[in-house]
There are 2 protein chains.
Amino acid sequence: MSQLKGACIIGQSGGPTSVINASAYGCIKTALENENITKVYGALNGIKGVLNDNLIDMGKEDPNELTLMLQTPSSALGSCRYKLKDPDVDDTDYKRILEIFKKYNVRYFFYNGGNDSMDTCNKISKFMLKNGYECRVMGIPKTIDNDLAGTDHCPGYGSAAKYIATSLMEIYHDARVYDTGMITVVEIMGRNVGWLTAAASLACYKGCGPDLIYLPEVPFDLNSFTQKVKEIYDKNGKCIVAVSEGIKDKDGKYISEYGTDLAKTKDSFGHAQLGGLAAYLANYLKEQTGAKVRGIELSLLQRCAAHCASKTDVDEAFLSGKAAVEYAVSGVTDKMVGFERSYVDGKYVCNVKLFDLTIVANTEKKVPLDWLNETKDGLNEKFVEYALPLIQGEVNMVKEDGLPRFVKLKKVKAEA
Amino acid sequence: MSQLKGACIIGQSGGPTSVINASAYGCIKTALENENITKVYGALNGIKGVLNDNLIDMGKEDPNELTLMLQTPSSALGSCRYKLKDPDVDDTDYKRILEIFKKYNVRYFFYNGGNDSMDTCNKISKFMLKNGYECRVMGIPKTIDNDLAGTDHCPGYGSAAKYIATSLMEIYHDARVYDTGMITVVEIMGRNVGWLTAAASLACYKGCGPDLIYLPEVPFDLNSFTQKVKEIYDKNGKCIVAVSEGIKDKDGKYISEYGTDLAKTKDSFGHAQLGGLAAYLANYLKEQTGAKVRGIELSLLQRCAAHCASKTDVDEAFLSGKAAVEYAVSGVTDKMVGFERSYVDGKYVCNVKLFDLTIVANTEKKVPLDWLNETKDGLNEKFVEYALPLIQGEVNMVKEDGLPRFVKLKKVKAEA
């Protein structure tokens, strides 16, 4: 394919992860070093930064400071949850994006996010093609949810899984310190897929995990759940349960809605806002069993605890950003960089693989049902085998005063 | 003082910390190596283990496995919240303890806990003395709350403070990822004292902490609080607040009780059970401001997140356990091992100092009011100077499969 010279934009979108900045850094560093890329711009708050002409010049940042992106959680460039309209209905945004691309001679667009972001990539790519503007568009995956189709796993998941498994092991030790009874309910993120909650089973693999694990992949029955908790509690005096925020009953109603008559607010992608499940289930179990209970919501920490990141995840995140630039410069467009795993001499190896944006966008990959145990309240060895390689290795964090040193960008406004 | 030969018992009491096992290990290791100590027994679930003749022989444990106590959170021997009666009212328990001490020829008793545990030490020591049974009793401090009188600080606090400051820095990054408005309320442990919540100010010191910090040392006014949050939110579009679970209004009513009509259960020490403050304040602020809000409770993790422990804290915890044994063998009794700080060439040094159990027991050390800022919604440099040395250094954890390797004791029953 022909050589294409011009500027690039990198944007970040969707919810934070511990390693999304490692992906962005892989992209930025590789782009800054590439002779076909004349300028490297960061879009502040994702596609909104493009629409609002709010770009920063990454070449003006201190290269040493930029390396700290490898250990900084959340999106250093800012994120958004902005959904582009169907261009056949309203192409205002697309025209504006084209205008900005022309203004800065942008020939490469890298977008770092989850399903919705891949949808954004896909739409922009199609629009540019239709309008004869040569521009290579690459998606760089990011999601703690691990729900992107095609790719073996997503950057962000390994670190979240490591944090969840580690925290569950610590909670296990804490929750059984007294010889008095205790039921603990831990709520883990995951609206429609149970990958994060499944990571709690890694703590079980190490002998100190929850007794029961419930994923949204399986309809949740409050009565049989209560019965199981009672049996375990009566036998051991302790019971720890890990539940996905997104568990639903057989009629599709969220369990988190059982106890609340909160007006359901919807975000701009139409997802219902969830929360409060741990408190609801803990209270319910207290009523049913009379036991002492505690509800714990891992909350934001599970997606931003960079201090407990997986080195494997950070390395792979960097790799995906780097590969996106290299493939784009070599002529590839309209793809998401993903991973395929292989085992060499029994050792896990992660290879980059490209996926069609059309396939990835707006499809959710669920936990295979045959990775659950027979009673559907735990995971089996297939999941452990899958997840374990992803949480390996520790990040040797740069610290200052005993605390993480996170990146501080100058954010110098781009000039066309 | 005369040489005293006999067995020792080590027990752990009260809530978990990340380093209480490091203290116990300092005690156990030193005792096992001391020729005046004939046997080292662990009391399972603290003083209840003594009362129930539920002792294990620490000499039967694998010494390499025992070293893992240095990185294992919560109490490896199990804990209790059992309050001994006033011996003048009912001395049944004390007679039983004396019986067990005689049965195993226990001449050294080490008790690892907070204020209530120092009270237990004190009472046992006095009873043994009165009954002419020679036994040296030493308290080894432990509390994330940092509320023990006399000592400069307590083992357990530094690690909790490090976790809280680190988590607040990460939450700061997460909570401002979108360019849309957001108010975040983080609830931190601390029933009567604000040391833990004050640790949130270390994140401010690093430039990414909460906007407002409320300790239980200062009466909390919901109206002026709401006004301050509104002002910050209107100006910045974001506001992060750190609140102690124990904040009370000017009439002494817990703010956490405002929104709930939950029956107040009391634990065996008469403390009110708290919780749900973050959710209450977040909902309240949502009503008052219309902003998007999130309530986060750091919950158990702040006291058991050994993966984020302070190396300084672990080392000092070990030191306190070791010193307890060495002092006791040298003739000291009826004391708590504590710390005094000094600065050598501007560098923090922690020295062991002994404190009278009578003084320590049942007294709570609060955060000095002149360590707060003028508006009493933050801490000043005096607190930062105090706390910073306590969170220094990282523990190089032994891991297995990318997860912490926590101690597994054989718990071989003691034989008299």
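All figures in this text were calculated on a predicted structure; none of them were measured in a lab. (Residues numbered from 1 in each chain as written. Chains lettered and ligands numbered in written order. Predicted model: local features only at pLDDT ≥ 70, side-chain atom pairs only at ≥ 80, totals over all residues.)

Some thoughts on the overall build of chain A
1) Next: For chain A, the helix and strand inventory stands at 14 helices and 13 strands.
2) Next: The C-alpha atoms of chain A give a radius of gyration of 22 Å, which matches the 22 Å a tight globule of 416 residues would have.
3) Next: Taking the principal axes of its C-alpha atoms as reference, chain A extends roughly 70 × 45 × 40 Å.
4) Next: When each of the 416 residues of chain A is scored for burial, the buried share is 57%.
5) Next: Partitioning the contacts of chain A with sequence separation of at least 6, the portion at a separation of at least 24 is 76%. (Helix = DSSP H or I, 4+ residues; strand = E, 2+ residues; numbered from the N terminus. Rg over C-alpha atoms; globule rule 2.2 N^0.38 Å. Buried ≥ 20, exposed ≤ 12 C-beta atoms within 10 Å, placed from the backbone. Contact = placed C-beta atoms within 7 Å.)

A few points about the interface of chain B and chain A
1) Next: Tallying the contact residues gives 47 residues for chain B and 47 residues for chain A.
2) Next: Of all the secondary structure elements, the ones that give two or more residues to the side of chain B that touches chain A are α6 (157-175), β9 (293-297), α11 (301-304) and β13 (403-404) of chain B.
3) Next: Residue contributions to the side of chain B that touches chain A peak at 9 residues, all from α6 of chain B.

Focus on the environment of Ile240 of chain B
Residue and element names in this part refer to chain B.
1) Next: When you line up the elements, Ile240 lands in strand β8 (residues 238-244).
2) Next: For Ile240, a count of 28 C-beta atoms within 10 Å gives the class buried.
3) Next: Linking Ile240 and Thr184, residues 56 residues apart in sequence, is a C-alpha distance of 4.7 Å.
4) Next: Those residues in contact with Ile240 that sit more than four places away from it in its chain are Ile171, Tyr172, Ala175, Thr184, Val186, Pro210 and Asp211.

Points about the pairing of strand β6 (residues 182-188) of chain A
Residues and elements named next belong to chain A.
1) Next: Where burial is concerned, most of β6 is hidden: 6 out of the 7 residues are buried.
2) Next: Pairing between β6 and strand β8 (residues 238-244): 7 bridges, direction parallel. Residue pairing across strands places Met182 opposite Lys238, the latter belonging to β8.
3) Next: Pairing between β6 and strand β9 (residues 293-297): 5 bridges, direction parallel. (Pairing = 2+ DSSP bridges.)

Thoughts on the sheet that holds strand β11 (residues 347-356) of chain A
Residues and elements named next belong to chain A.
1) Next: Across the sheet, which stays open at both edges, the 7 strands sit in the order β3-β2-β1-β4-β5-β10-β11 with mixed pairing between neighbours. A strand with exactly one partner marks an edge of an open sheet, and here the two such strands are β3 (55-57) and β11. The average undirected angle you get between the axes of adjacent strands in this sheet is 30 degrees.
2) Next: Pairing analysis gives 6 bridges linking strand β4 (residues 106-113) to strand β5 (residues 136-141), with the strands arranged parallel. Across the sheet, Phe110 pairs through a bridge with Met138, a residue of β5.
3) Next: Each of β1 (6-12), β2 (37-43), β4 and β5 touches helix α1 (residues 20-32); the most contacted strand, β1, lies at about 175 degrees to it. (Axes fitted to C-alpha atoms, helices over the stretch in contact; angles between N-to-C directions.)

Considerations on the confidence of the model for chain A
Residue and element names in this part refer to chain A.
1) Next: Summing up the model confidence of chain A, the mean pLDDT is 94 and the portion of residues at 70 or higher is 95%.
2) Next: pLDDT under 50 marks residues 261-275. Its contacts with residues more than four places away, or in other chains, come to 21 contacts.
3) Next: Predicted complex, confidence summary: ipTM 0.95, pTM 0.95. (pLDDT = per-residue confidence, 0-100.)

Section: the domain arrangement of chain A
Residue and element names in this part refer to chain A.
1) Next: When its domains are assigned, chain A resolves into domain 1 (6-155 + 306-362 + 392-404) and domain 2 (160-303).
2) Next: With centres defined by C-alpha atoms, the gap from domain 1 to domain 2 works out at 32 Å.
3) Next: Opposite the 13 residues of domain 1 that make contact, domain 2 presents 14 residues.
4) Next: A breakdown of the residues in the side of domain 1 that touches domain 2 according to their chemical character gives 3 nonpolar, 5 polar and 5 charged. (Domains from an automatic or database assignment. Nonpolar A, V, L, I, M, F, W, Y, C, P; charged D, E, K, R; others polar.)

Quick word on the packing of helix α9 (residues 222-236) of chain B against helix α10 (residues 277-289) of chain B
Residues and elements named next belong to chain B.
1) Next: Orientation of α9 relative to α10, taken along the N-to-C sense of each, is 65 degrees, at an axis distance of 11 Å. Here the hand of the crossing between α9 and α10 comes out right-handed. Across from Thr226, Val229, Lys230 and Tyr233 in α9, the residues of α10 making contact are Leu285, Gln288 and Thr289.
2) Next: When the residues that make up the contact of α9 with α10 are grouped by side-chain class, the tally is 3 nonpolar, 3 polar and 1 charged. (Left-handed = near helix turned anticlockwise from the far one by under 90°.)

Digging into the sheet that holds β9 of chain B
Two pairing modes exist for strands in a sheet, parallel and antiparallel, and in both the strands are linked by backbone hydrogen bonds.
Residue and element names in this part refer to chain B.
1) Next: Here 4 strands make up an open sheet; going across it, the order is β7-β8-β6-β9 and the pairing parallel. Looking at the sheet topology across the chains shown, the edges are occupied by β7 (212-214) and β9. Within this sheet the neighbouring strands show an average axis-to-axis angle of 15 degrees, counted without direction.
2) Next: The strands touched by α9 within the sheet are β6 (182-188), β7 and β8, with β8 carrying the most contacts at an inclination of about 150 degrees.
3) Next: This element, α10, spans β6, β8 and β9 of the sheet and lies at about 170 degrees to β9.

Observations concerning helix α4 (residues 92-103) of chain B
Residue and element names in this part refer to chain B.
1) Next: End to end, α4 covers 17 Å across 12 residues, agreeing with the expected 16 Å (1.5 Å per residue, within 8%).
2) Next: Every buried residue belonging to α4 is among Asp93, Ile97, Ile100 and Phe101, and all of these are buried. Down the axis of α4, the sector holding all buried residues measures 100 degrees, keeping them to one side. Set apart from the buried face of α4 by more than 90 degrees, the exposed residues are Thr92, Glu99 and Lys102.
3) Next: Buried residues belonging to α4 abut α2 (47-51), β4 (106-113) and α5 (115-130).
4) Next: Immediately downstream of α4, the backbone of Asn105 shows phi near 50 degrees, a positive value. (Expected span 1.5 Å × (residues − 1). Arc of directions from axis to C-beta.)

Details of the packing of helix α1 (residues 20-32) of chain B against helix α12 (residues 311-329) of chain B
Residues and elements named next belong to chain B.
1) Next: For the pair α1 and α12, interaxial distance at closest approach is 7 Å and the crossing angle is 40 degrees. Between α1 and α12, the angle is such that the two are oblique. In terms of crossing hand, the pair formed by α1 and α12 is right-handed. Between α1 and α12, the residues in contact are Ala22, Ser23, Ala24, Tyr25, Gly26, Cys27, Thr30 and Ala31 and Val314, Ala317, Phe318, Leu319, Ser320, Gly321, Lys322, Ala324, Val325 and Glu326, respectively. (Parallel < 35°, antiparallel > 145°, perpendicular 65-115°, else oblique.)

What to know about the relation of the copies chain B and chain A
1) Next: When chain B is fitted to chain A, the best match, at an RMSD of 0.0 Å, comes from turning it 180 degrees and sliding it 0.0 Å along the axis. Viewed as a symmetry operation, the transformation between the two copies matches a two-fold axis. (Least-squares fit on C-alpha atoms with pLDDT ≥ 70 in both.)

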